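Now for the letters of each chain:
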Amino acid sequence: MSSAQSMFRFLIQSVGLGLVVAAIVVLMMPLISPQQNTLNPDSGPLSFNYAVDRAAPAVVNIYSLGEIEGSYYQPQTSRVWRLGSGVIMDSSGYILTAQHVVDNVDQILVALQDGRQYGAQLIGSDYYTDLAVLKIEADNLPIIPTADKPQPRVGDIVLAIGNPYNIGQTITQGIISATGGRVGVSRSSYSDLIQMDAVINQGASGGALVNTAGELIGINNARFNNAFGDGIEGIYFAVPYSNAREIMQTLIAEGKVVRGWIGISVDPNSSDQLAQQGIQVTAVDPGSPAAVAGMRQGDIITRIGGKPVRSASEGMREVVNAKPGSALDITIYRNGEPQQLTVTTAEPPGG
(Lines give C-alpha, C1' and ligand atoms only; values in the text may rest on other atoms or scores of the structure.)
Protein backbone atom coordinates (compact mmCIF):
# COMPACT_ATOMS: atom_id res chain seq x y z
CA MET A 1 0.00 0.00 0.00
CA SER A 2 1.42 3.39 -0.99
CA SER A 3 2.03 6.19 1.47
CA ALA A 4 -0.74 8.25 -0.20
CA GLN A 5 -3.25 5.45 0.30
CA SER A 6 -2.21 5.06 3.94
CA MET A 7 -2.66 8.77 4.56
CA PHE A 8 -6.10 8.74 2.88
CA ARG A 9 -7.18 5.78 5.01
CA PHE A 10 -5.98 7.53 8.17
CA LEU A 11 -7.95 10.64 7.30
CA ILE A 12 -11.12 8.62 6.63
CA GLN A 13 -10.81 6.83 10.01
CA SER A 14 -10.21 10.11 11.85
CA VAL A 15 -13.21 11.78 10.25
CA GLY A 16 -15.39 8.76 11.02
CA LEU A 17 -14.30 8.70 14.66
CA GLY A 18 -14.99 12.43 14.95
CA LEU A 19 -18.51 11.99 13.60
CA VAL A 20 -19.22 9.20 16.10
CA VAL A 21 -18.00 11.33 19.04
CA ALA A 22 -20.03 14.32 17.82
CA ALA A 23 -23.17 12.17 17.60
CA ILE A 24 -22.66 10.90 21.15
CA VAL A 25 -22.22 14.46 22.47
CA VAL A 26 -25.39 15.65 20.71
CA LEU A 27 -27.38 12.76 22.15
CA MET A 28 -26.03 13.34 25.68
CA MET A 29 -26.56 17.12 25.76
CA PRO A 30 -30.14 16.96 27.13
CA LEU A 31 -28.84 14.83 30.00
CA ILE A 32 -25.83 16.92 30.94
CA SER A 33 -27.08 20.44 30.16
CA PRO A 34 -26.83 22.51 33.36
CA GLN A 35 -29.88 24.54 32.32
CA GLN A 36 -32.30 21.64 32.15
CA ASN A 37 -35.03 21.94 34.79
CA THR A 38 -36.53 18.63 35.90
CA LEU A 39 -38.69 20.30 38.57
CA ASN A 40 -40.61 22.58 36.24
CA PRO A 41 -42.15 21.45 32.96
CA ASP A 42 -41.42 24.90 31.51
CA SER A 43 -37.94 25.75 30.37
CA GLY A 44 -35.99 28.30 32.32
CA PRO A 45 -34.05 28.59 35.59
CA LEU A 46 -34.44 25.97 38.29
CA SER A 47 -37.65 26.79 40.15
CA PHE A 48 -40.29 25.33 42.46
CA ASN A 49 -42.95 27.59 40.96
CA TYR A 50 -44.83 24.65 39.45
CA ALA A 51 -45.20 22.93 42.85
CA VAL A 52 -46.16 26.16 44.62
CA ASP A 53 -48.77 27.07 41.99
CA ARG A 54 -50.41 23.66 42.46
CA ALA A 55 -50.37 23.51 46.25
CA ALA A 56 -50.34 27.02 47.73
CA PRO A 57 -53.96 28.05 46.94
CA ALA A 58 -55.21 25.14 49.08
CA VAL A 59 -53.22 26.22 52.16
CA VAL A 60 -55.34 28.47 54.38
CA ASN A 61 -54.77 30.76 57.34
CA ILE A 62 -56.55 29.76 60.55
CA TYR A 63 -57.42 32.24 63.29
CA SER A 64 -58.89 30.76 66.49
CA LEU A 65 -60.22 32.64 69.50
CA GLY A 66 -59.87 31.13 72.96
CA GLU A 67 -58.99 31.81 76.57
CA ILE A 68 -55.59 31.57 78.22
CA GLU A 69 -55.17 31.12 81.94
CA GLY A 70 -54.01 33.99 84.07
CA SER A 71 -50.64 34.19 85.81
CA TYR A 72 -49.35 35.52 89.12
CA TYR A 73 -48.95 38.98 87.59
CA GLN A 74 -52.27 38.86 85.70
CA PRO A 75 -54.74 36.62 87.56
CA GLN A 76 -57.61 37.13 85.13
CA THR A 77 -58.03 34.90 82.14
CA SER A 78 -57.86 36.64 78.78
CA ARG A 79 -59.18 35.91 75.31
CA VAL A 80 -56.62 35.86 72.53
CA TRP A 81 -56.47 35.00 68.85
CA ARG A 82 -54.18 32.15 67.89
CA LEU A 83 -52.60 31.76 64.50
CA GLY A 84 -52.13 28.62 62.42
CA SER A 85 -52.43 27.12 58.97
CA GLY A 86 -54.50 24.38 57.36
CA VAL A 87 -54.94 22.42 54.14
CA ILE A 88 -58.15 22.08 52.10
CA MET A 89 -58.53 18.37 51.42
CA ASP A 90 -61.66 18.12 49.27
CA SER A 91 -64.47 20.04 47.62
CA SER A 92 -66.75 19.40 50.63
CA GLY A 93 -64.71 21.88 52.65
CA TYR A 94 -62.82 19.54 54.98
CA ILE A 95 -59.56 21.02 56.23
CA LEU A 96 -56.67 19.27 57.97
CA THR A 97 -54.69 21.24 60.54
CA ALA A 98 -52.70 20.75 63.75
CA GLN A 99 -54.70 20.01 66.90
CA HIS A 100 -52.78 22.54 68.97
CA VAL A 101 -53.92 25.30 66.60
CA VAL A 102 -57.61 24.80 67.53
CA ASP A 103 -57.37 23.26 71.01
CA ASN A 104 -59.79 24.74 73.57
CA VAL A 105 -61.10 27.52 71.36
CA ASP A 106 -64.66 28.69 70.81
CA GLN A 107 -64.37 30.47 67.48
CA ILE A 108 -62.45 29.52 64.33
CA LEU A 109 -62.00 31.68 61.24
CA VAL A 110 -60.50 30.34 57.99
CA ALA A 111 -59.03 32.74 55.43
CA LEU A 112 -58.36 31.54 51.87
CA GLN A 113 -55.61 32.93 49.69
CA ASP A 114 -58.16 34.51 47.35
CA GLY A 115 -59.46 36.71 50.16
CA ARG A 116 -62.55 34.73 51.15
CA GLN A 117 -63.18 34.13 54.86
CA TYR A 118 -65.42 31.59 56.55
CA GLY A 119 -66.34 30.46 60.02
CA ALA A 120 -65.26 26.85 60.56
CA GLN A 121 -66.72 23.92 62.46
CA LEU A 122 -64.41 21.63 64.42
CA ILE A 123 -65.28 18.10 63.29
CA GLY A 124 -62.84 16.34 65.61
CA SER A 125 -59.29 16.34 66.89
CA ASP A 126 -56.68 13.84 68.01
CA TYR A 127 -54.23 14.85 70.73
CA TYR A 128 -51.72 12.05 70.15
CA THR A 129 -51.04 12.79 66.48
CA ASP A 130 -51.68 16.54 66.90
CA LEU A 131 -54.24 16.56 64.08
CA ALA A 132 -57.66 18.14 63.72
CA VAL A 133 -60.32 18.34 61.03
CA LEU A 134 -62.34 21.49 60.31
CA LYS A 135 -65.17 22.09 57.86
CA ILE A 136 -66.25 25.20 56.01
CA GLU A 137 -69.31 25.72 53.82
CA ALA A 138 -67.98 27.12 50.56
CA ASP A 139 -67.96 26.53 46.80
CA ASN A 140 -65.17 26.45 44.22
CA LEU A 141 -62.52 25.52 46.73
CA PRO A 142 -58.90 24.88 45.72
CA ILE A 143 -57.91 21.33 46.69
CA ILE A 144 -54.41 20.17 47.57
CA PRO A 145 -52.96 17.67 45.08
CA THR A 146 -52.24 14.26 46.61
CA ALA A 147 -50.59 11.06 45.44
CA ASP A 148 -52.37 7.71 45.77
CA LYS A 149 -49.34 6.20 47.50
CA PRO A 150 -47.15 9.00 48.84
CA GLN A 151 -43.66 7.66 49.46
CA PRO A 152 -41.39 10.39 50.82
CA ARG A 153 -37.75 9.33 50.90
CA VAL A 154 -34.71 10.45 52.85
CA GLY A 155 -32.97 13.05 50.73
CA ASP A 156 -36.12 14.30 48.97
CA ILE A 157 -36.54 18.05 48.58
CA VAL A 158 -39.71 19.33 50.28
CA LEU A 159 -41.53 22.64 50.62
CA ALA A 160 -43.36 23.77 53.77
CA ILE A 161 -46.22 26.19 53.12
CA GLY A 162 -47.89 28.20 55.87
CA ASN A 163 -48.55 31.62 57.40
CA PRO A 164 -45.83 32.27 60.00
CA TYR A 165 -46.39 35.25 62.30
CA ASN A 166 -49.30 36.32 60.05
CA ILE A 167 -46.93 37.98 57.58
CA GLY A 168 -48.57 36.20 54.67
CA GLN A 169 -48.17 32.86 52.99
CA THR A 170 -44.55 31.72 53.10
CA ILE A 171 -42.69 28.83 51.48
CA THR A 172 -39.57 27.29 53.02
CA GLN A 173 -37.43 24.60 51.44
CA GLY A 174 -35.72 21.63 53.06
CA ILE A 175 -34.52 18.06 52.76
CA ILE A 176 -36.05 15.02 54.45
CA SER A 177 -33.76 13.47 57.07
CA ALA A 178 -36.08 10.67 58.26
CA THR A 179 -39.45 9.29 57.25
CA GLY A 180 -40.52 7.46 60.41
CA GLY A 181 -39.53 6.08 63.75
CA ARG A 182 -38.71 9.44 65.34
CA VAL A 183 -40.10 8.23 68.64
CA GLY A 184 -39.93 10.42 71.72
CA VAL A 185 -40.22 13.73 69.86
CA SER A 186 -44.01 13.76 69.67
CA ARG A 187 -46.88 13.44 72.12
CA SER A 188 -46.93 9.65 71.84
CA SER A 189 -44.53 6.77 71.49
CA TYR A 190 -46.20 5.45 68.38
CA SER A 191 -46.48 8.45 66.10
CA ASP A 192 -44.19 8.31 63.06
CA LEU A 193 -43.00 11.70 61.85
CA ILE A 194 -41.20 13.11 58.86
CA GLN A 195 -38.08 15.01 59.90
CA MET A 196 -36.79 17.75 57.64
CA ASP A 197 -35.03 21.10 57.83
CA ALA A 198 -37.76 23.12 56.08
CA VAL A 199 -38.46 25.85 58.65
CA ILE A 200 -41.82 25.83 60.48
CA ASN A 201 -42.27 29.01 62.47
CA GLN A 202 -45.16 29.96 64.74
CA GLY A 203 -48.31 30.16 62.65
CA ALA A 204 -47.13 27.70 60.00
CA SER A 205 -48.16 24.65 62.04
CA GLY A 206 -50.94 22.74 60.31
CA GLY A 207 -49.81 23.85 56.87
CA ALA A 208 -48.78 21.67 53.95
CA LEU A 209 -45.53 19.82 53.39
CA VAL A 210 -45.35 19.07 49.66
CA ASN A 211 -42.91 17.45 47.26
CA THR A 212 -41.52 19.10 44.14
CA ALA A 213 -44.62 18.07 42.21
CA GLY A 214 -46.80 20.04 44.64
CA GLU A 215 -48.31 16.87 46.15
CA LEU A 216 -49.12 16.73 49.85
CA ILE A 217 -46.81 14.44 51.81
CA GLY A 218 -47.33 15.76 55.34
CA ILE A 219 -49.03 18.18 57.74
CA ASN A 220 -46.50 20.53 59.30
CA ASN A 221 -46.18 20.01 63.02
CA ALA A 222 -43.49 21.78 65.00
CA ARG A 223 -39.84 22.46 65.68
CA PHE A 224 -37.90 20.07 67.89
CA ASN A 225 -37.38 21.25 71.47
CA ASN A 226 -34.63 19.98 73.74
CA ALA A 227 -35.05 18.93 77.37
CA PHE A 228 -34.93 22.58 78.46
CA GLY A 229 -37.74 23.59 76.10
CA ASP A 230 -35.43 25.42 73.72
CA GLY A 231 -36.28 25.18 70.03
CA ILE A 232 -33.53 23.60 67.94
CA GLU A 233 -32.97 25.16 64.53
CA GLY A 234 -32.86 22.84 61.54
CA ILE A 235 -34.97 20.03 63.05
CA TYR A 236 -38.65 20.21 62.15
CA PHE A 237 -41.40 17.63 61.87
CA ALA A 238 -44.53 16.82 59.91
CA VAL A 239 -47.17 14.11 60.27
CA PRO A 240 -47.00 11.88 57.16
CA TYR A 241 -49.97 12.31 54.85
CA SER A 242 -50.68 8.56 54.87
CA ASN A 243 -51.19 8.72 58.66
CA ALA A 244 -53.02 12.03 58.53
CA ARG A 245 -55.44 10.69 55.91
CA GLU A 246 -56.43 7.77 58.16
CA ILE A 247 -56.95 10.06 61.15
CA MET A 248 -58.99 12.48 59.03
CA GLN A 249 -61.26 9.72 57.72
CA THR A 250 -61.82 8.42 61.26
CA LEU A 251 -62.58 11.87 62.66
CA ILE A 252 -65.06 12.59 59.86
CA ALA A 253 -66.81 9.25 60.34
CA GLU A 254 -66.75 8.99 64.15
CA GLY A 255 -65.72 12.37 65.57
CA LYS A 256 -62.86 10.87 67.56
CA VAL A 257 -60.09 8.28 67.34
CA VAL A 258 -60.47 5.28 69.67
CA ARG A 259 -57.22 3.48 70.40
CA GLY A 260 -56.11 0.39 72.21
CA TRP A 261 -53.98 0.79 75.35
CA ILE A 262 -52.13 -1.70 77.52
CA GLY A 263 -50.29 0.63 79.90
CA ILE A 264 -46.58 0.28 79.17
CA SER A 265 -43.68 2.55 78.31
CA VAL A 266 -40.90 1.33 76.02
CA ASP A 267 -37.37 2.39 75.17
CA PRO A 268 -37.49 3.91 71.66
CA ASN A 269 -33.86 2.94 71.01
CA SER A 270 -33.89 -0.55 72.50
CA SER A 271 -34.19 -2.34 69.13
CA ASP A 272 -30.66 -1.15 68.31
CA GLN A 273 -29.22 -2.23 71.66
CA LEU A 274 -30.68 -5.68 72.26
CA ALA A 275 -29.13 -8.98 71.27
CA GLN A 276 -32.44 -10.18 69.84
CA GLN A 277 -34.85 -8.04 67.83
CA GLY A 278 -37.50 -6.38 69.99
CA ILE A 279 -38.31 -3.49 72.31
CA GLN A 280 -37.67 -3.22 76.03
CA VAL A 281 -40.41 -2.37 78.52
CA THR A 282 -39.25 0.49 80.75
CA ALA A 283 -42.41 0.85 82.88
CA VAL A 284 -45.74 -0.90 83.49
CA ASP A 285 -48.65 1.15 84.84
CA PRO A 286 -50.14 -0.38 88.01
CA GLY A 287 -53.51 -2.00 87.36
CA SER A 288 -53.11 -1.67 83.58
CA PRO A 289 -53.96 -4.49 81.13
CA ALA A 290 -50.24 -5.26 80.81
CA ALA A 291 -49.83 -5.49 84.59
CA VAL A 292 -52.88 -7.75 84.90
CA ALA A 293 -51.42 -10.04 82.23
CA GLY A 294 -48.12 -10.30 84.15
CA MET A 295 -45.85 -8.04 82.12
CA ARG A 296 -42.91 -6.52 84.01
CA GLN A 297 -40.38 -3.76 83.64
CA GLY A 298 -37.35 -5.11 81.76
CA ASP A 299 -39.33 -7.55 79.61
CA ILE A 300 -38.38 -7.58 75.95
CA ILE A 301 -41.31 -7.68 73.52
CA THR A 302 -40.50 -9.53 70.30
CA ARG A 303 -43.94 -10.20 68.80
CA ILE A 304 -47.37 -8.57 69.12
CA GLY A 305 -50.43 -10.18 67.60
CA GLY A 306 -48.21 -12.71 65.87
CA LYS A 307 -46.16 -10.02 64.10
CA PRO A 308 -42.45 -9.43 64.78
CA VAL A 309 -41.63 -6.14 66.48
CA ARG A 310 -38.66 -4.29 64.99
CA SER A 311 -39.10 -0.82 66.49
CA ALA A 312 -40.97 0.96 69.27
CA SER A 313 -43.25 2.82 66.87
CA GLU A 314 -44.04 -0.39 64.99
CA GLY A 315 -44.89 -2.29 68.17
CA MET A 316 -46.99 0.47 69.69
CA ARG A 317 -48.85 0.88 66.41
CA GLU A 318 -50.03 -2.73 66.69
CA VAL A 319 -51.38 -1.93 70.14
CA VAL A 320 -53.20 1.28 69.26
CA ASN A 321 -54.72 -0.23 66.12
CA ALA A 322 -56.36 -2.95 68.24
CA LYS A 323 -59.76 -1.77 69.42
CA PRO A 324 -60.37 -1.72 73.19
CA GLY A 325 -61.38 -5.19 74.34
CA SER A 326 -59.14 -6.98 71.83
CA ALA A 327 -56.99 -9.89 73.06
CA LEU A 328 -53.38 -9.47 71.93
CA ASP A 329 -50.96 -12.39 72.04
CA ILE A 330 -47.59 -10.93 73.03
CA THR A 331 -44.27 -12.79 73.04
CA ILE A 332 -41.74 -11.54 75.57
CA TYR A 333 -38.25 -12.55 76.67
CA ARG A 334 -37.56 -12.52 80.40
CA ASN A 335 -34.18 -13.59 81.71
CA GLY A 336 -33.39 -14.92 78.25
CA GLU A 337 -36.42 -17.22 78.12
CA PRO A 338 -39.48 -16.69 75.85
CA GLN A 339 -42.94 -16.40 77.40
CA GLN A 340 -46.41 -15.92 75.96
CA LEU A 341 -48.81 -13.37 77.43
CA THR A 342 -52.36 -12.49 76.42
CA VAL A 343 -53.15 -8.83 77.06
CA THR A 344 -56.66 -7.40 76.64
CA THR A 345 -56.51 -3.83 75.36
CA ALA A 346 -58.49 -1.02 77.00
CA GLU A 347 -59.27 2.55 76.09
CA PRO A 348 -56.58 5.00 77.25
CA PRO A 349 -57.34 6.71 80.57
CA GLY A 350 -59.21 9.91 79.89
CA GLY A 351 -60.09 8.75 76.36
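Residues numbered from 1 in each chain as written. Predicted model: local features only at pLDDT ≥ 70, side-chain atom pairs only at ≥ 80, totals over all residues. Heavy atoms only, no water.

A look at the overall build of the protein chain
Counting its regular elements, the protein chain contains 5 helices and 19 strands. Here the protein chain holds 351 residues, and the buried ones make up 41% of them. Pairs at least 24 residues apart make up 58% of the contacts formed inside the protein chain by residues separated by at least 6 positions. Within the structure as shown, the protein chain displays about 18,600 Å² of accessible surface, and the carbon and sulfur contribution to it stands at 51%. (Helix = DSSP H or I, 4+ residues; strand = E, 2+ residues; numbered from the N terminus. Buried < 20%, exposed > 50% of the residue type's maximum accessible area, 1.4 Å probe, protein only. Contact = heavy atoms within 4.5 Å. Areas by Shrake-Rupley, 256 points an atom, 1.4 Å probe, with all protein chains shown as cover.)

Notes on unusual backbone geometry
Backbone phi values are negative for most residues with the exception of glycine, while trans is the configuration of most peptide bonds. Positive phi is not limited to glycine here, since Asn104 has a value of about 55°. The residue Asn104 is located in the loop between strand S3 (94–97) and strand S4 (105–111) in this model. Judged by relative accessible area, which is 62%, Asn104 ranks as exposed. Residue Asn335 is not a glycine yet carries a positive backbone phi of 55°. With respect to the secondary-structure elements, Asn335 resides in the loop between strand S18 (327–334) and strand S19 (337–344). Assessed through its relative accessible area of 76%, Asn335 is described here as exposed.

What to know about the packing of aromatic side chains
Per the counting criterion, the structure on display carries 1 aromatic pair. Here Tyr127 and Tyr128 contribute two aromatic rings whose centre-to-centre distance is 5.5 Å and whose plane-to-plane angle is 85°, an arrangement assigned as edge-to-face. Residue class for Tyr127 comes out partly exposed when judged on its relative accessible area of 47%. Just above the ring of Tyr94 sits the side chain of Lys135; from NZ or CZ to the centre is 5.4 Å. (Phe/Tyr/Trp six-rings, centres within 6.5 Å; stacked < 30°, edge-to-face > 60°. Lys NZ or Arg CZ within 6 Å of the ring centre and 35° of its normal.)

Quick notes on helix H5 (residues 312–320)
Burial of H5 is extensive: 7 of the 9 residues sit out of reach of the surface. Burial in H5 covers these residues: Ala312, Ser313, Glu314, Gly315, Met316, Val319 and Val320. As for H5, its buried residues are in contact with strand S14 (264–266), strand S15 (279–284), strand S16 (300–304), strand S17 (307–308) and S18.

What about the pattern of salt bridges?
Taken as a whole and assessed by the stated rule, the structure comprises 6 salt bridges. Here Lys135 and Glu137 are joined by a salt bridge, their closest N and O atoms 3.0 Å apart. Residue Lys135 is classed as buried on the basis of its relative accessible area of 15%. Note that Asp299 and Arg334 form a salt bridge whose closest N and O atoms lie 2.8 Å from each other. Pair noted here: Asp299 is in the loop between helix H4 (289–293) and S16 and Arg334 is in strand S18, with a separation of 35 residues, a long-range link. As far as burial versus exposure is concerned, Asp299 and Arg334 are alike and both buried. (Salt bridge = Lys/Arg side-chain N within 4 Å of Asp/Glu carboxyl O.)

Quick word on the confidence of the model for the protein chain
For the protein chain, mean pLDDT is 81; residues scoring 70 or higher make up 75% of the total. Mean pLDDT across the elements of the protein chain bottoms out in helix H1 (residues 3–32) (54) and peaks in S3 (97). (pLDDT = per-residue confidence, 0-100.)

Digging into the environment of Tyr128
Mapped onto the secondary structure, Tyr128 falls in the loop between strand S6 (121–126) and strand S7 (131–135). In sequence terms Tyr128 and Gln99 are 29 residues apart; their C-alpha atoms lie 9.1 Å from each other.

Remarks on the pairing of strand S9 (residues 170–178)
Two strands pair when backbone bridges link them, and strand S8 (residues 157–162) and S9 are joined in this way by 6 bridges, in the antiparallel orientation. In the strand pairing of S9, Gly162 is matched with Thr170. Inspection of the sheet shows S9 paired to strand S10 (residues 194–196) by 2 bridges, in the antiparallel sense. For Ala178, the partnering residue across the bridge sits in S10 and is Gln195. (Pairing = 2+ DSSP bridges.)

Focus on the nonpolar core
Counting residues in hydrophobic clusters, the biggest one holds 46 residues, and the most contacted among them are Val110, Ile136 and Ile144. At 5 residues, the largest contribution of residues to this core is made by helix H3 (residues 241–254). Among residues more than four places away in sequence, those in contact with Ile136 are Ser92, Gly93, Ile95, Val110, Leu112, Tyr118, Gly119, Ala120 and Leu141. Ile301, Val309, Leu328 and Ile330 belong to the second-largest nonpolar core, a separate cluster that totals 19 residues. (Core = buried A, V, L, I, M, F, W, Y, C linked by side-chain atoms within 4.5 Å.)

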